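Survey of secondary and tertiary structure
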Amino acid sequence: MAFDKMELRDIEVWDGNFAAAQALRQCQIDVVAAYPITPSTPIVEGYAKFLADGYVEGEFVMVESEHAAMSGCIGAAAAGGRVATATSSQGFALMVETLYQASGMRLPIVLNVVNRALAAPLNVNGDHSDMYLGRDSGWIQLDAYNPQEAYDLNFIAFKVAEDHDVRLPCMVHQDGFMTSHTAQGVKTLTDDQGYGFVGEFQPMNDMLDLDHPVTHGVQTEEDWHFEHKARQHRDLMLNVTPKIQAAFDAFEKLSGRKYNMVEKYEMEDADVAVVCMGTSVETAREVALEMRKEGIKAGVVGIRVYRPFPFMEIADALKNVKAIGALDRSSPNGAAGMLFNELAGALFNTDTKALLSGYVYGLGGRDLTKAHLRDLYKELQSNVDAGKVTTQLQQFIGVRGPKLAFL
Amino acid sequence: MSEMKKIKNLKEFSTSADRFEGANLLCPGCAHSIIVREVLNATNDDLILSASTGCLEVCTAVYPYTSWDASWIHIGFENGSTAVAGAESMYKALKTKGRLKQPDRKPKFVSFAGDGASYDIGFQWISGCMERGHTMMHVVLDNEVYANTGGQRSSSTPIGSSATTSPAGRKSYGEKKNKKDMVSIMASHGIPYAAQVSPNKWKDMVKKIQHGLSVEGPSFINAISACTTEWKFDPKDTMAITDLATDSLVFPLYEIIDGHELNITYRPKNIVPVEEYLAAQGRFKHLFKDEYKYLIKEWQERVDAKWAQLQRREEARV
């Protein structure tokens, strides 16, 4: 090895960006093609510094746009090696065309997405608009709620994406600023543990195997396109979840840290549950405990694996609750909200009688306060008491002006 | 060390092993396949190739078939150059890390794209690849039109050409803008090698391809590709039209080394009037109406001026 290992303390104080950069270093990426954008920039800056200091080997290609970043990642991945990058918001939006190309070509690229609002109006802060934009792109999507998880889930991402039975790219999401720029204690793996977990990259259909030329990115029309897309969906629905579970199990064995498709908190006997993603999960957990002291049996379900969406695990987690609040941190722009819709889809045709209502919150980095969540839990409880949804189905919380509610 | 072919004659060249198969869906008379074969046949080295979306791509990799006997990738319309740049980066990374499967072989990286995918939508990606200094070659198959989508104008479409989005009509002579000077723009990146090539001058072309493939860093090749469908000529006349393009100096052949050293590589013994080149193609037919004949005169003046400029640059070595 022509690079140096890094001695880490058992617990380092890292923000989400640096935690992700450290995970990339330990996974020993072969090619990073990247372009800067707030708030994900420090991930690739961190990686560039590791390279400059001799802690990693490989190629860091500073391209001229996010579209080119993913294009370069696709070319590098097809050539045969470990590939990663990071982006946010507008950069993610610019990448969208290539996201579909990467997944359709079955290339195991890892993309750290530091979630941020989409313009207009321009906004650099965290919400889930970009994450939602990627939801039909054929990628696996994992969601971190804090820097520790941003670190851990990168190892999971490579492990799953590069599995020869999967061969799909994977995003690791974290909330812009609230996770990416908030330093917390992060329990580390040693360099040997981290690299040992993901293992040496095993190429497949690699262009650089000069004795076995391959053609990547063919044309298929009505005769074959549907079969390719259907197979990709089938693999997401059937193959990926067991592989993620296996990776979670192996990671728990290595680190003691346990991950699940959905993260249940105080759900054993919960009457009312909030379902949300990102940093809001942690806020909701605190509030749930407070509500329990006041006699409301509150629980939280956090989505860990956003794609493939864990329909069965969601339905199971929510089977006994009486009221559910689906929290969407993205403007639904004329619809009910992504999480609301997915939950409705997961619960319909089940035995649940739970009342489902949707909340839109936190756009452009607007705080979701504990007070908001207290009111929300109380509202869910009053729905339970009344035996029906007492409000309109969709409400905006934390927005100025007259109360906004629809449906 | 790069292994370049020593080719004595056209017969030997045309019968050498193909890594681009004749089994493809390109139009009869399309110059794309001629150019691609000439590029690939110029070297015995391993090749990692890309094509941007366009005629070449849709006609050579229709699942479950491929015309390519070398590793090949297509991503999208604009990013074929960056696909190859990514592969070249992976090659360098794996070389450093000692993980190449055939460490003794040094593949060449070549991206093919049409003028739409190079002059227009892929312009930024190519510029990025040239600026970053990847050891790769970008080859433009310049047929001066969006042929794959049915003949819309690109920024390579010359003045007076009738394209479907700049059609000649009762009150229009067709395309109003002059062709973008892509070779100069790319040479201005300071890249080691940029050149214009034409498939009829195959020895000149092979020499330039070999030069481009032998340098460390990027090379840029602009190849004129006569389009029987959109230029509107008989498929058997592809080479005749191409001869008219080079011999009228509408498409001069030259190279620019290190961004400044310009060499003209072909001087026609008998310069053909531009009018003959225009008259041979349906896309310029309307220019021969009385009211547009001044445009033919302007065409000739523009070609003369460009030729004079190239000669001045060659003499001045700047």
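Residues numbered from 1 in each chain as written. Chains lettered and ligands numbered in written order. Predicted model: local features only at pLDDT ≥ 70, side-chain atom pairs only at ≥ 80, totals over all residues.

**Overview of the packing of helix H4 (residues 80-97) of chain B against helix H6 (residues 123-132) of chain B**
Residue and element names in this part refer to chain B. Where H4 meets H6, the closest approach of the two axes is 8 Å, and the angle between their N-to-C directions is 30°. On the basis of the axis angle, H4 is roughly parallel to H6. Along its contact with H4, which presents Ser 81, Thr 82 and Ala 85, the element H6 presents Trp 125, Ile 126, Gly 128 and Cys 129. In the contact of H4 with H6, the residues fall into four nonpolar, three polar and no charged. (Axes fitted to C-alpha atoms, helices over the stretch in contact; angles between N-to-C directions. Helix = DSSP H or I, 4+ residues; strand = E, 2+ residues; numbered from the N terminus. Parallel < 35°, antiparallel > 145°, perpendicular 65-115°, else oblique. Contact = placed C-beta atoms within 7 Å. Nonpolar A, V, L, I, M, F, W, Y, C, P; charged D, E, K, R; others polar.)

**So, the interface of chain A and chain B**
At the junction of the two partners, chain A supplies 39 residues and chain B supplies 40 residues. Secondary-structure elements contributing two or more residues to the side of chain A that touches chain B are strand E2 (31-34), strand E3 (59-62), helix H3 (66-79), helix H4 (89-104) and strand E9 (215-216) of chain A. A total of ten residues in the side of chain A that touches chain B trace back to one element, the largest contributor, which is H3 of chain A. Looking at the side of chain A that touches chain B residue by residue, the classes come out as 17 nonpolar, 15 polar and seven charged. Pairing between E9 of chain A and strand E2 (residues 71-73) of chain B: two bridges, direction parallel. Among the inter-strand pairings, Thr 215 of chain A is bridged to a residue of E2 of chain B, identified as Trp 72 of chain B. (Pairing = 2+ DSSP bridges.)

**Regarding the pairing of strand E5 (residues 109-115) of chain A**
Residue and element names in this part refer to chain A. Counted residue by residue, E5 has seven buried out of seven residues, so it is predominantly covered. Residues Ile 109, Leu 111, Val 113 and Asn 115 of E5 are buried on one face, and the alternating residues Val 110, Asn 112 and Val 114, pointing to the opposite face, are buried as well. Pairing analysis gives six bridges linking E5 to strand E7 (residues 170-175), with the strands arranged parallel. In the sheet register, Val 114 faces E7, and the bridge partner there is Gln 174. (Buried ≥ 20, exposed ≤ 12 C-beta atoms within 10 Å, placed from the backbone.)

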